[in-house]
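# A closer look at the structure
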Amino acid sequence: MNLLNLTAVELGKKIRAGEVTSMDAVRQVFERIKARESSVHAYVTLDEEGAFRRAEQVQRQIEAGELTGPLAGVPAALKDNLCTRGMRTSCGSRILENFVPFYTAEAVCRLEAAGAVILGKTNMDEFAMGSTTETSAFGATRNPWNLEHVPGGSSGGSCAAVAAGECFYALGSDTGGSIRQPSAFCGVTGLKPTYGTVSRYGLVAYGSSLDQIGPVAKDVADCAAVLEAIASYDRKDSTSIKREDTDFTGALIDDVRGMRIGVPADYFGDGLNKEVKAAIFAALEVLQAKGAVVEEFDLPLMKYAVPAYYIIASAEASSNLARFDGVKYGFRAKEYDGLHDMYKKSRSQGFGPEVKRRLMLGSFVLSSGYYDAYYQKALKTKALIKEAFEQAFARYDLIAAPAAPFTAPKLGESLKDPLQMYLGDVYTVSANLAGLPALSVPCGVDSEGLPIGMQLIGGHFQEKKLLRAGFSYQQSRRYQGPEASADEAGKERSAYE
Ligand code: GLN
């Protein structure tokens, strides 16, 4: 039986029913990895031996009735900024090339408690700074739908791995869109939870006030199951929130009748690719036909979101990344002249150009004399954006938007003009600034066969509404990845059947 076309939840069911074993799944997934990795490069670290050992252990626990959850025995991948005890955690950076953590991120511990089998660590933009996975010190990941294109970023490795069938689901992190945008580019489903829902303990920090860990999977039902496993209150993360409503799989109901969906008119203006626009409107029509009320409205301040985000994220990064100094972690320059020179050379040689650009920008906006003009102003803008969303959610259950203004660019096109690349984050960064949950679901492909994603944004703690709408939309649209369509040569490619 070919297991690779199953969703995570479907596979889990078959394992629990005794139809297949976790080892069968690991075997098939490693066959796929061996066939595809040399062209896709979704992973930076693979642990085949460990995965088989773990699958055997989990299989025994399932058979003994000790593991009964939906994800028990299902192979998964982790973005390489999630600390894993005994397994290298590089963050896509030379400075952490040989860093082996002595503890595991809380979200990963939760997954393991749910019976996950970890396959390895996925490629990412260095320290999650980027939109293409090209800033990784270990080389770019390619989009499984078309190898000449990027998978998006920064969780491009996780999203490409899911799309290529090189894992059943993955964890990513989202500071300004890094789960949703690559999910859209790779034709998979990704969810950024409300800030504070998933513990950030053990997630290498980029912009701490914006970072959230979330699932990347083949469909909404899988995302709900993964989120249910990883959402937890954690005393080790001071921004962790105690939530009582984390039974997310209970929200998978095919009913959107009366649901009010607001469409910000500004999000669909000139800067948006026409095919992307058409695909999202077609998706909204599906929801409308199922009884949702779709209405255009004006969401103000959109043009300030990208500048505010890049000031705040860079400022926080410049402080967070100060710890990588050649003393405490990872890489240290070979030759230097005294302590100061050691810091300078280790950081100059250890960080790549995009990270350096952000650290300089961040240090600048925090420096005396500029703090008020930039950082303080960005914080005020962030507060206003949050307020604008709160007003919108007084009227709407959800907001619909593109995940990105275009489909996946070609490799090598984006880094030439970083400012232009930053502008591509226009639809995703606001949800992080306001701490809101947001979901990206595939809604078709463009004329080149590249996937398009629709983003749904919810009010604080409204993941269930997002999941319900996404689940309802996906009812008649079973996930179909690039592999499935490549198998049936000649057939038109589609992110859905
Ligand atoms: N593309 C955005 C950035 O470069 C978002 C990255 C992220 O969410 N980690 O900052």
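Reading the values: rules and limits
Residues numbered from 1 in each chain as written. Predicted model: local features only at pLDDT ≥ 70, side-chain atom pairs only at ≥ 80, totals over all residues. Heavy atoms only, no water. 1 Å grid on protein atoms, 1.4 Å probe; cavity = no way out; pocket = protein on both sides within 12 Å on 5 of 7 lines; lining within 4 Å. Points joined across faces, edges and corners; volume = space filled by probe spheres on them. Nonpolar A, V, L, I, M, F, W, Y, C, P; charged D, E, K, R; others polar. Salt bridge = Lys/Arg side-chain N within 4 Å of Asp/Glu carboxyl O. Helix = DSSP H or I, 4+ residues; strand = E, 2+ residues; numbered from the N terminus. Buried < 20%, exposed > 50% of the residue type's maximum accessible area, 1.4 Å probe, protein only. Pairing = 2+ DSSP bridges. Axes fitted to C-alpha atoms, helices over the stretch in contact; angles between N-to-C directions. Contact = heavy atoms within 4.5 Å. Near = heavy atom within 4 Å. Areas by Shrake-Rupley, 256 points an atom, 1.4 Å probe, with all protein chains shown as cover. pLDDT = per-residue confidence, 0-100. Core = buried A, V, L, I, M, F, W, Y, C linked by side-chain atoms within 4.5 Å. Phe/Tyr/Trp six-rings, centres within 6.5 Å; stacked < 30°, edge-to-face > 60°. Lys NZ or Arg CZ within 6 Å of the ring centre and 35° of its normal.

## Considering empty space enclosed by the protein
Summed over the entire model, instances satisfying the criterion amount to three cavities of 30 Å³ or more. Around the largest cavity sit 17 residues that line it, and Gly130, Gly176, Ser178, Tyr309 and Asp425 are the ones nearest its centre. Classifying every residue of the lining of the largest cavity gives five nonpolar, 10 polar and two charged. If you add up the space inside the second largest cavity, you get close to 50 Å³.

## Notes on the pattern of salt bridges
Evaluated as defined, the whole model comprises 22 salt bridges. The residue Glu48 makes a salt bridge to Lys34 at a minimum N-O spacing of 2.9 Å. Highlighted residues: Glu48 in helix 3 (residues 48-63) and Lys34 in helix 2 (residues 22-40), separated in sequence by 14 residues. With a relative accessible area of 56%, Lys34 lands in the exposed category. In this structure, a network of salt bridges that share partners links the residues Glu106, Arg110, Asp234 and Lys236.

## A look at the sheet that holds strand 5 (residues 189-192)
Here we have 11 strands laid out as an open sheet, ordered 1-3-2-4-6-5-10-11-9-7-8, and mixed in their pairing. In the strand order of this sheet, the two ends are held by strand 1 (43-46) and strand 8 (293-297), each with one partner. Strand-to-strand twist across the sheet, computed as the mean angle between neighbouring axes with direction ignored, equals 30°. Bridge count between strand 1 and strand 3 (residues 117-122): three bridges; the pairing is antiparallel. In the sheet register, Tyr43 faces strand 3, and the bridge partner there is Thr122. Along the sheet face, helix 15 (residues 463-474) touches strand 5, strand 9 (398-402), strand 10 (438-445) and strand 11 (451-458) and points at about 15° away from the line of strand 10.

## Details of the site of the ligand
Near the ligand you find 15 residues, and of these Thr175, Gly176, Ser178, Tyr206 and Tyr309 are the closest. Look at the ligand: alone it shows 290 Å² of surface, and the protein chains cover 99% of it.

## Some thoughts on the confidence of the model for the protein
When pLDDT is averaged across the protein, the result is 96; 97% of the residues are at 70 or more. Under a pLDDT of 50 for its full length, residues 487-493 has, in the predicted model, seven contacts with residues more than four places off or in other chains.

## Points about the nonpolar core
In terms of nonpolar packing, the biggest core is built from 150 residues, with Leu111, Phe127, Phe168, Tyr169 and Phe389 touching the most fellow members. Among the elements that take part in this core, helix 9 (residues 302-320) stands out by supplying 11 residues, more than any other. Non-local contacts of Phe168, meaning those with residues more than four positions away in its chain, are made with Leu3, Leu4, Leu6, Thr7, Ala8, Leu11, Ala25, Val29, Val74, Pro75, Lys218 and Asp222.

## Description of the packing of aromatic side chains
With the rule as written, the count across this model stands at 18 aromatic pairs. Here a set of aromatic residues connected by ring pairs shows up, and it is made of Phe99, Phe127, Phe324, Tyr329 and Phe351. The residue whose ring lies beneath Arg88 is Phe138, and the NZ or CZ to ring-centre distance is 5.0 Å. Above the ring of Tyr233, the side-chain terminus of Lys242 is found at 4.7 Å from the ring centroid.

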